[in-house]
Amino acid sequence: KGDPVVKRQKRMVLVSGVLGVVALVMGGLAIWAWNQRNEAVESRQAEVQQRKIAETQRQEAEEQRAEAVKQKDIAQTLQKEAESRGYYNALALAQTMANEMNFSGAQELLWSIPRKLRGPEWGFLMRRLHGHIFSFDLNSPAREVTFSPDGSSMAGLIGHALNVWDAKSGKLQITLDAESLTDRIANGSVKTSDSYWVTSSFAWSSDGSRLVTAHRPSRLPADGNGTVRVWDISNGKILQTLRGITSPSNVAWSPDGKRLAVSTGRVGNKKPQIMMWNEARETEAFSPEWEKELEIGVMAMAWSPNGEGLMMSLGGIGTAAIIEVRDAKNGHIIHKIRGHETKWIRSVAWSPDGKQIAGGCDDKTIKVWDAKSGKLQFTLEGSTAAINKVAWSPNGRFLASASADRTMTVWGTDFGRKLHLFKGHMENVEDVAWSPMGTHLITCSRDKTIKVWDVRQLLRDSKYARTIRLHTNGSPIEYYAYMHTSRSECVAWSPDGKHLASGGAGTIKIWEAS
């Protein structure tokens, strides 16, 4: 029981058991650690493999995307090549149509080309289609252009002379030149100090067979005597010469072509007059009634549509301008209208039915009077500069005005209201004219352009609304062409509305209106 040897053996057995248990535990831990390591290695290997697979898939996806981009680029290139071929084929076809004088078809084809495809070639051809048919280079500025009543001829007032061209061929028909000044200038026989004849005004007869021209000396002598001549357009011969007329400034045929009115200027002690001739060459003369300070002269003159009245605007210094309306039979004053508080009434016009008179002035307003009573009906305000021109629409329901504030305005004459302000010119708008059908307006400006405005939607809307709302698809459409090396000053429609004429410094052009 107390044997030391036995005790030692028991302790050794116990220690051996403990060590065995410890060894077993350590072995288990080693095996577990080994397994964990193997699992970690396998996990890392699997992760690496997954990354390799993912990289492979990414590379394949990149290659697929690159291939897709390549195919897209090829498709886009093919599409652009096809569009380019179609574009140039369309241009070639439009060019052919233009050469065959099918302007409208060529324009429709060009407008059908998508905007993104239109290059400089498109613009060049479009400018050609909207460009002039004939161009006449001049030595002097063109101050006025008009077509004959039948549209076969066009007359242009150029400095000292009046040229007449065939409107279809562009061939110069005749030059109506007092004292053959053209020849004298060509051979150098006219000097700067010379006094020669200058054509100041002209007018077509109602049948288009005659032209009347007014001529005054370039340097007024003491009497200032000038001449008025009536020409036969078929041969350029003078039918009648009216002499001894003091500085004639305006001429106008009566609507029936049987009477001729001429306004004279003030020279020395001679006061301005209105002179009229009938077919029997009988002369009537009367002096406009104005105050002493108004003695500058007759700024504009126009017959009433029925030929019974003659209207003139009188300009002066330091006082209000006056419009006189006279009985064309006896010269008696029907109305003496004073309304603009300024010295210049730049433009006057009868309404087509002769019931109203419109006057545009440099006081920035337009006034409309009743032609029968002479009473002011309304004043059209809104321009920020002088009114250079007023023009009635063919139906008399609208007025168009050209202004020095670079705008053109369309007014409704039923309520005296502004319908629309047209902006687009960069300089003063010098002239405005309605197309014969009243669907378009043409303007010219010092910015070297003419512009044609489509006002059909505007005028249709104005029938139903007092406040005009221009819809997106009804906004005025503007076409324009650069035409002069200097400002353009006058425009006109042919009677059939198919052609336009424009005049400027050194050039007159005839344009296709379609």
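Computed from a prediction, not measured in an experiment: that's the story for all the values here. (Residues numbered from 1 in each chain as written. Predicted model: local features only at pLDDT ≥ 70, side-chain atom pairs only at ≥ 80, totals over all residues. Heavy atoms only, no water.)

Draft legend 1. Expanded view of the overall build of the chain. From N to C terminus, the chain includes five helices and 32 strands. Evaluated residue by residue, the chain yields a buried proportion of 45% over its 514 residues. Taking as baseline every contact in the chain between residues at least 6 positions apart, the subset at least 24 positions apart corresponds to 44%. For the chain, the exposed area adds up to about 27100 Å²; of that, 51% sits on carbon and sulfur atoms. (Helix = DSSP H or I, 4+ residues; strand = E, 2+ residues; numbered from the N terminus. Buried < 20%, exposed > 50% of the residue type's maximum accessible area, 1.4 Å probe, protein only. Contact = heavy atoms within 4.5 Å. Areas by Shrake-Rupley, 256 points an atom, 1.4 Å probe, with all protein chains shown as cover.)

Draft legend 2. Representation of the nonpolar core within the structure. The biggest cluster of nonpolar side chains holds 16 residues, and the ones touching the most others in it are M408, V410, W434, L441 and V455. For this core, the elements supplying multiple residues, two or more each, are strand 23 (398-403), strand 24 (407-412), strand 25 (417-423), strand 26 (429-434) and helix 5 (456-461). (Core = buried A, V, L, I, M, F, W, Y, C linked by side-chain atoms within 4.5 Å.)

Draft legend 3. Seen up close, the sheet that holds strand 24. Pairing in this open sheet of four strands is antiparallel, and the strands run 22-23-24-25 from one edge to the other. A single partner strand is all that each edge strand has here, and the edge strands are strand 22 (387-392) and strand 25. Ignoring which end each strand starts from, the neighbouring axes of this sheet average 20° apart. (Pairing = 2+ DSSP bridges. Axes fitted to C-alpha atoms, helices over the stretch in contact; angles between N-to-C directions.)

Draft legend 4. Representation of the environment of A328 in the model. Tracing the backbone through its elements, the reader meets A328 in the loop between strand 16 (322-327) and strand 17 (333-338). Exposure remark for A328: the relative accessible area of 2% places this residue in the buried category. Distance in space between the C-alpha atoms of A328 and A261 is 9.3 Å, their sequence separation being 67 residues. With residues up to four places along the chain from it excluded, the contact list for A328 reads R259, M276, W303, G307, E308 and G309.

Draft legend 5. The arrangement of the pattern of salt bridges in detail. In total, this model carries nine salt bridges according to the counting rule given. Between E55 and R58 there is a salt bridge, with its nearest N and O atoms 2.5 Å apart. Separated by three residues within a single helix, E55 and R58 lie in helix 1 (residues 4-99), roughly one turn from each other. Judged by relative accessible area, which is 42%, R58 ranks as partly exposed. The shortest N-O distance in the salt bridge between E324 and R326 comes to 2.9 Å. Summarising the burial analysis for this pair, E324 and R326 share the class buried. (Salt bridge = Lys/Arg side-chain N within 4 Å of Asp/Glu carboxyl O.)

Draft legend 6. Structural context of a positive patch on the surface. Together, K7, R8, K10 and R11 give the surface a local cluster of positive charge. Mapped onto the elements of the fold, K7 is located in helix 1. (Patch = residues over 30% accessible without salt bridge, like charges linked within 9 Å, V, L, I, M, F, W, Y side chains within 5 Å. Lys, Arg positive; Asp, Glu negative; His and termini not counted. Charge placed at Lys NZ, Arg CZ, Asp CG, Glu CD.)

Draft legend 7. The arrangement of the sheet that holds strand 2 (residues 142-147) in detail. Taken together, four strands build an open sheet; the order of strands is 2-3-4-5 and the sheet is antiparallel. Unpaired on one side and paired on the other, strand 2 and strand 5 (172-176) mark the two borders of the sheet. Going across the sheet, the axis of each strand differs from the next one's by a mean of 15°, ignoring polarity. Where strand 3 (residues 153-158) meets strand 4 (residues 161-166), six bridges bridge the pair, whose relative direction is antiparallel. From the neighbouring strand, G156 faces strand 4, where its bridge partner is N163.

Draft legend 8. Up close: the side chain of T264. Take T264: it is sitting in strand 11 (residues 260-264). According to the relative accessible area criterion, T264 is buried, its value standing at 3%.

Draft legend 9. Expanded view of the pairing of strand 23. By the criterion of burial, strand 23 is predominantly enclosed, with six of the six residues buried. Burial along strand 23 is two-sided: F398, A400 and A402 and L399, S401 and S403, pointing in opposite directions, are all buried. With five bridges joining them, strand 22 and strand 23 adopt antiparallel strand pairing. By the bridge assignment for strand 23, V390 is matched with S401. Bridge count for strand 23 against strand 24 is five bridges, and the pairing is antiparallel. When the sheet's bridge partners are listed, L399 is paired in strand 24 with W411. Remark: three residues form the turn of the hairpin made by strand 23 and strand 24, two consecutive strands paired antiparallel; R406 in that turn has positive phi of roughly 75°.

Draft legend 10. View of the pairing of strand 31 (residues 499-504). Burial analysis of strand 31 places five of its six residues in the buried class, which makes it a mostly covered element. Inspection of the sheet shows strand 30 (residues 488-493) paired to strand 31 by five bridges, in the antiparallel sense. Looking at the pairing, W493 lines up with L500 of strand 31. Linkage of strand 30 to strand 31, two consecutive antiparallel strands, is achieved through a turn of five residues, within which G497 is found at a positive phi near 75°. The pairing of strand 31 with strand 32 (residues 507-512) spans six bridges and is classified as antiparallel. Each bridged residue has a counterpart across the sheet, and for A501 the counterpart in strand 32 is I510.

Draft legend 11. Highlighting the side chain of S403. Tracing the backbone shows S403 in strand 23. What makes S403 buried here is its relative accessible area of 1%. Not counting residues up to four positions away in its chain, the partners in contact with S403 are S383, A385, A386, I387, N388, N428 and V429.

Draft legend 12. How the structure looks around the environment of L419. By the secondary structure assignment, L419 is in strand 25. The class for L419 is buried, based on a relative accessible area of 6%.

Draft legend 13. Summary view of the state of the cysteines. Tallying each qualifying case throughout the model produces zero disulfides. Not part of a disulfide, C490 finds its nearest cysteine sulfur in C444, a span of 6.4 Å. (Disulfide = S-S within 2.5 Å.)

Draft legend 14. Molecular detail of the confidence of the model for the chain. Here the chain shows a mean pLDDT of 78. Residues at 70 or above account for 78%. Here residues 180-195 is a poorly scored stretch, pLDDT under 50, and it has 23 contacts once near neighbours within four places are set aside; other chains count. Counting interchain partners and residues more than four positions distant, the pLDDT-below-50 stretch residues 463-485 has 55 contacts. (pLDDT = per-residue confidence, 0-100.)

Draft legend 15. Just a nonpolar patch on the surface, in detail. A cluster of nonpolar residues, L14, V18, V21, V22, V25, M26 and L29, forms a patch on the protein surface that exposes about 640 Å² of accessible area. Tracing the chain through its elements places M26 in helix 1.

Draft legend 16. A look at unusual backbone geometry. Notably, K364 is not glycine yet its phi reads approximately 75°, a positive angle. Note that K364 resides in the loop between strand 19 (356-361) and strand 20 (366-370). K364 sits in the partly exposed class, given a relative accessible area of 39%. Located in the positive-phi region is R406, a residue other than glycine, with phi close to 75°. Here R406 lies in the loop between strand 23 and strand 24.

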